[in-house]
Amino acid sequence: MRKVITAQDIDAMLRTGEPLPPDAILTPSARDALARRASLVPSRPREPASTRAEGGPRAAGAEPTVPDFEFKWTPGRDPKTPAELDAFFRSPEIEKLKERFCDIGRRIWAKDFVDGNGGNLTVRVGDSLVLCTPTLISKGFMTPADMCLVDFEGRQLAGGRKRTSEVLTHLGIIKRQPNAKACVHAHPPHATAFAIAGVKPPSCLIPEAEVFLGDIGYARYETPGTPANADAVGQVGRDHQCVIMENHGVIVWGKDVEDAYWKLENVDSFCRTVWIASQLAGGNLHQITTGGVRELIALRQKLGMPDSRDQLRECELCDNSDFRPGVVCQVPSRSGGSTPGSVAPDPAVEALVAKIADEIMKRLSGG
Ligand SMILES: [Zn+2]
């Protein structure tokens, strides 16, 4: 029986290098996908994404390298006219990114990090240009032809489908943080549970989380897709690579979309582990020492990831009153954004407590 090949099968074959069966029946979308591919990258074989991400096979004698998926553009040279924008949007470099969106989308969907049309992806591709996923689409079943190009105000410049409304939230981060070259937003269940419980995930528990996520940010709730939400998330995202969006989900950023997606996996895995550990030990989780955490922050910075905690004092570094009730840092946090549970001492209350304590001492001593 002859096999029917869809556009999705073509995408998978291009990723894995699996050959096309000679007697296969191609659907019209599969023919389009092949034609598009042939006209864009005529002769270069594509390495499977999974092996590239791990470093991939290399020629004998070649120096080992770390794969770099970061999109680089020439500053001051953004395409402007409709013809320039159209050519740029269909260029081999952008087509490669569109395929990467499809790949990451399938992984997000397969991990149950999104349902229905949830989640969205962006990559900065110019001084003020961003490639993004469209609205109302399952992340598990996108094709390169679905993607959109927008400017820094979210105005759509190219693409047949309407861009996601949540691109404004991504832009809120990208415009404030030059190192944010790609963002991934999703609703991974464990991290989203923290967002709904109103609990900022604690720090100082797992070394990998300290290095690859840093201090997780927490942005107050605003209606998704609105400028208010873009502001709330953008302000927190400037200093935090991973942001829990209150009553909503998670947004992470990185130097490329693969990097950002890894952080999405990291944060949901971390939240799941903390949740399980909390069932075992309640709020009494065993913390890494602050000295140990300082070493991890230094390692994170050495790997090129910013960390707003490097100036914090000891009591600010690992305090999280959601998980250590009764422990309240006496130094107001210098980092931006809201941090549920962190309470600065009120001088009036402190004075009242001192006065009552004096009164009790006087009565006890018969004074
Ligand atoms: Zn969302």
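Bear in mind the structure is a predicted one, so any value in this text is a computation, not a measurement.

Definitions and limits used
Residues numbered from 1 in each chain as written. Predicted model: local features only at pLDDT ≥ 70, side-chain atom pairs only at ≥ 80, totals over all residues. Heavy atoms only, no water. pLDDT = per-residue confidence, 0-100. Contact = heavy atoms within 4.5 Å. Salt bridge = Lys/Arg side-chain N within 4 Å of Asp/Glu carboxyl O. Helix = DSSP H or I, 4+ residues; strand = E, 2+ residues; numbered from the N terminus. Buried < 20%, exposed > 50% of the residue type's maximum accessible area, 1.4 Å probe, protein only. Pairing = 2+ DSSP bridges.

> Give me the confidence of the model for the chain: which residues, what numbers.
When pLDDT is averaged along the chain, the result is 83, and 77% of the positions lie at 70 or above. Scored below 50 in pLDDT, residues 39–56 makes 27 contacts in the model with residues more than four places away or belonging to other chains. Below a pLDDT of 50 lies the segment residues 331–345, which in the model reaches 25 contacts outside its immediate sequence neighbourhood of four places, other chains included.

> I'd like a rundown of the pattern of salt bridges, residues and numbers included.
Counted according to the given criterion, the structure contains 19 salt bridges. A salt bridge links Arg155 to Asp151, with the shortest nitrogen-to-oxygen separation between them at 2.8 Å. Note that Glu153 is salt-bridged to Lys175, the shortest N-O span being 3.8 Å. Of the two residues, Glu153 is situated in the loop between strand E5 (148–151) and strand E6 (156–158) and Lys175 in the loop between helix H6 (167–174) and strand E7 (182–186); the sequence distance between them amounts to 22 residues. Looking at Lys175, the relative accessible area reads 43%, which means it is partly exposed. Put simply, Asp68, Lys72, Lys255 and Asp256 are held in one network by salt bridges that share partners.

> I'd like to hear about the pairing of E5, residue by residue, with values.
The alternating pattern of E5 places Cys148 and Val150 and Leu149 and Asp151 on opposite faces, both of which are buried. As paired strands, strand E4 (residues 129–132) and E5 are joined by 4 bridges and run antiparallel to one another. Within E5, the residue paired with Cys132 across the bridge is Cys148. Two elements, E5 and E6, share 2 bridges in a ladder whose sense is antiparallel. Across the sheet, the residue bridging to Val150 is Gln156, located in E6. Following E5, the chain reverses through 4 residues before pairing antiparallel with E6; Gly154 in that reversal takes a positive phi of roughly 85°.

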